[in-house]
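Here is how the chains run, residue by residue.
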Amino acid sequence: MPATRNEHSFSGRVFHWSLKLLAVLCLWSLSVWLVHAQSYSGMLTWHNDLARTGQNLQETVLTPTNVNSKTFGKLFSFPVDGQIFGQPLYVYNVSIPGKGTYNVIYVTTENDSVYAFDADGGNTGALWYESFINPGKGITPIPCADTGANPCPFASVIGITGTPVIDPSSGTLYLVAATKENGAYVNRLHALDIATGAEKFGGPVQIEASVPGKGAGSKRGIISFDAHHELQRAGLLLSNTIVYIAWASFGDVAPFHGWILGYSAASLARAAVFNSTPNGSDGGVWQSGGAPSVDAAGSIYLITGNGTFDINKEGSDWGDSFLKFDAALEVQDYFTPSDQLKLSKNDLDLGSGAGLLLPPQGGKFPDEIISAGKQGLIYVVNRANLGKFNAHKNDVIQTVRGSANGYWSSAAYWNNRVYLSGQSDFLSQYANIAGIAFREASLSGADKVWSHTVNFG
């Protein structure tokens, strides 16, 4: 049945969606309230930084000593009106007109709603709330049944799925909302004031794009963006004053393509367009919700899922590939596995997780990107020369057999360690050896239960 207000909840400290109503504010540990005193400016993007490490190097309160079962736990919860797939974001010290200054958590739902909550729990209601639907006028989230996906990855409706991104300099939150409007399917880019929720820069703008091509769904040699078949799953990226947005599909229901569009952060005018398979099909960018990565030079990295690949034959289709772009979304380099055709035929997406950019390494390969796909292989790739396509071998730094169940998630990085968790599998920790090799490193103490034997190299 359709999602209703208060059907779901957002819990402080735990970024997840829940089908249960948690209407009571819970305080488990007063000691953790000290979090409000730290000067961390905010979680402004998916996995905290453009390298997508997930680490917070400004943490001053939480330590291995105070994060324990006795004094650390859930503080409170807020009711929301739908599933939460996008990562909630956080901004420190926001002045909310008429209410005061707060550390704010921003939460989006599949019911096309945006909430701004007091991150410290002192204010038990939303500081502000915006909805992009109006059922009385025929504007609703997209019903999951309309997509043809079986099974549908959503409980009932699709609204805001990809993690938004926040520009702290202008105080703007960017997101994409999907709606069904009197029978038409629409995606819109919104730019909201983080203090009030008001639309900025003349927004929202409707997502529209087309490229030349004879691939799936083409008409008269043109491929057009179709919100009925394209799912905005990957986190949004703000880089080079451009907001980059990527799409994949609703359960691989054809026809669909991988789309990446860039919009000016200041005017919301479209600035760049890329289609991954203009003369083929599929090649979606979903990355399990992970956002594209960016290096110090401003190059953008993302990984496509299963689909047509023919670049090695002077074609124009980039299924199952690591891609490196400039700001205009022109491909600068790529890597595609030697068994790409097998991956595509068996729905073993390479791009089932985002690319993790390691800090500069010692040894022969200082610039590395790591990701792992549904096949269960972990790829360590040289960003200075991604390796392109070789039908006989993978021209990368390493390929490592990881989880037997494959990966539907992205890596994280901390203290020269890379962390990966396979589908229905244990968490694994990998150590960087001399900057050129990685090996499984046992998690210590009580956490050893989460370790399993996998070797790099």
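Predicted, not measured: the structure shown is a model, and the values here were computed from it.

What counts, and where the lines are drawn
- Residues numbered from 1 in each chain as written.
- Predicted model: local features only at pLDDT ≥ 70, side-chain atom pairs only at ≥ 80, totals over all residues.
- Heavy atoms only, no water.
- Phe/Tyr/Trp six-rings, centres within 6.5 Å; stacked < 30°, edge-to-face > 60°.
- Helix = DSSP H or I, 4+ residues; strand = E, 2+ residues; numbered from the N terminus.
- Buried < 20%, exposed > 50% of the residue type's maximum accessible area, 1.4 Å probe, protein only.
- Disulfide = S-S within 2.5 Å.
- Pairing = 2+ DSSP bridges.
- 1 Å grid on protein atoms, 1.4 Å probe; cavity = no way out; pocket = protein on both sides within 12 Å on 5 of 7 lines; lining within 4 Å.
- Points joined across faces, edges and corners; volume = space filled by probe spheres on them.
- Nonpolar A, V, L, I, M, F, W, Y, C, P; charged D, E, K, R; others polar.
- Core = buried A, V, L, I, M, F, W, Y, C linked by side-chain atoms within 4.5 Å.

Chemist: Explain the packing of aromatic side chains to me, please; I cannot follow it from the model alone.
Modeler: The geometry of two aromatic rings is summed up by the distance between their centres and the angle between their planes. In the structure shown here, the tally under the stated rule is 15 aromatic pairs. Between the aromatic rings of Phe78 and Phe117, the centroid separation amounts to 4.2 Å while the plane-to-plane angle is 0 degrees, which identifies the pairing as stacked. Of this pair, Phe78 sits in strand 3 (residues 77–80) while Phe117 sits in strand 6 (residues 113–118), placing them 39 residues apart in sequence. Each of the two residues, Phe78 as well as Phe117, counts as buried.

Chemist: Is there a simple way to explain the state of the cysteines in this structure?
Modeler: A disulfide bridge is the covalent bond that connects two cysteines by way of their sulfur atoms. Taken as a whole and assessed by the stated rule, the structure comprises 1 disulfide. Put simply, Cys144 and Cys152 are joined by a disulfide, and their sulfur atoms are 1.2 Å apart.

Chemist: Before we go on, may I ask you to explain the sheet that holds strand 28 (residues 388–389) in this structure?
Modeler: Picture the strands of a sheet paired through backbone hydrogen bonds; they go either parallel or antiparallel. The strand order across the open sheet formed by 5 strands is 21-22-23-24-28, and the pairing between neighbours is mixed. Of all strands in the sheet, those with a lone pairing partner are strand 21 (293–294) and strand 28, marking the two edges. In this structure, strand 21 lies alongside strand 22 (residues 300–303), joined through 2 bridges in antiparallel fashion. Paired with Ser293 across the two strands is Tyr301, which belongs to strand 22.

Chemist: Quick question: what am I supposed to make of the layout of surface pockets here?
Modeler: In this approach a probe as big as a water molecule rolls over the atoms, and the regions it shows empty are the leftover space. By volume, the second largest pocket is sized at about 410 Å³. What lines the second largest pocket is a set of 20 residues, and nearest its centre among them are Pro153, Ser249, Gly251, Asp252 and Trp286. Along the lines of polarity and charge, the residues of the lining of the second largest pocket split into 9 nonpolar, 6 polar and 5 charged.

Chemist: Explain the nonpolar core here, please?
Modeler: One broad rule of soluble globular proteins: the nonpolar side chains tend to lie buried together. Counting 34 residues, the largest nonpolar core has Val94, Val104, Tyr106, Ile166 and Leu175 as the members making the most contacts within it. Broken down by secondary-structure element, the contributors of at least two residues to this core are strand 3, strand 4 (89–96), strand 5 (100–108), strand 6 and strand 12 (172–181). By size, the runner-up hydrophobic cluster in this structure holds 22 residues, among which are Val176, Val205, Leu238 and Val243.

Chemist: It is not clear to me how the pairing of strand 18 (residues 242–247) should be interpreted in this structure. Could you clarify?
Modeler: Here strand 18 lies mainly inside the structure; 6 of its 6 residues are buried. Side chains Ile242, Tyr244 and Ala246 of strand 18 all project onto a buried face; the interleaved residues Val243, Ile245 and Trp247 project onto the opposite face, where all are buried too. Taken together, the 3 bridges between strand 17 (residues 237–239) and strand 18 define a ladder with antiparallel strand orientation. What sits directly across from Leu238, in strand 18, is Val243. Bridge count for strand 18 against strand 19 (residues 259–264) is 6 bridges, and the pairing is antiparallel. Its bridge partner lying in strand 19, Ala246 is registered against Ile260.

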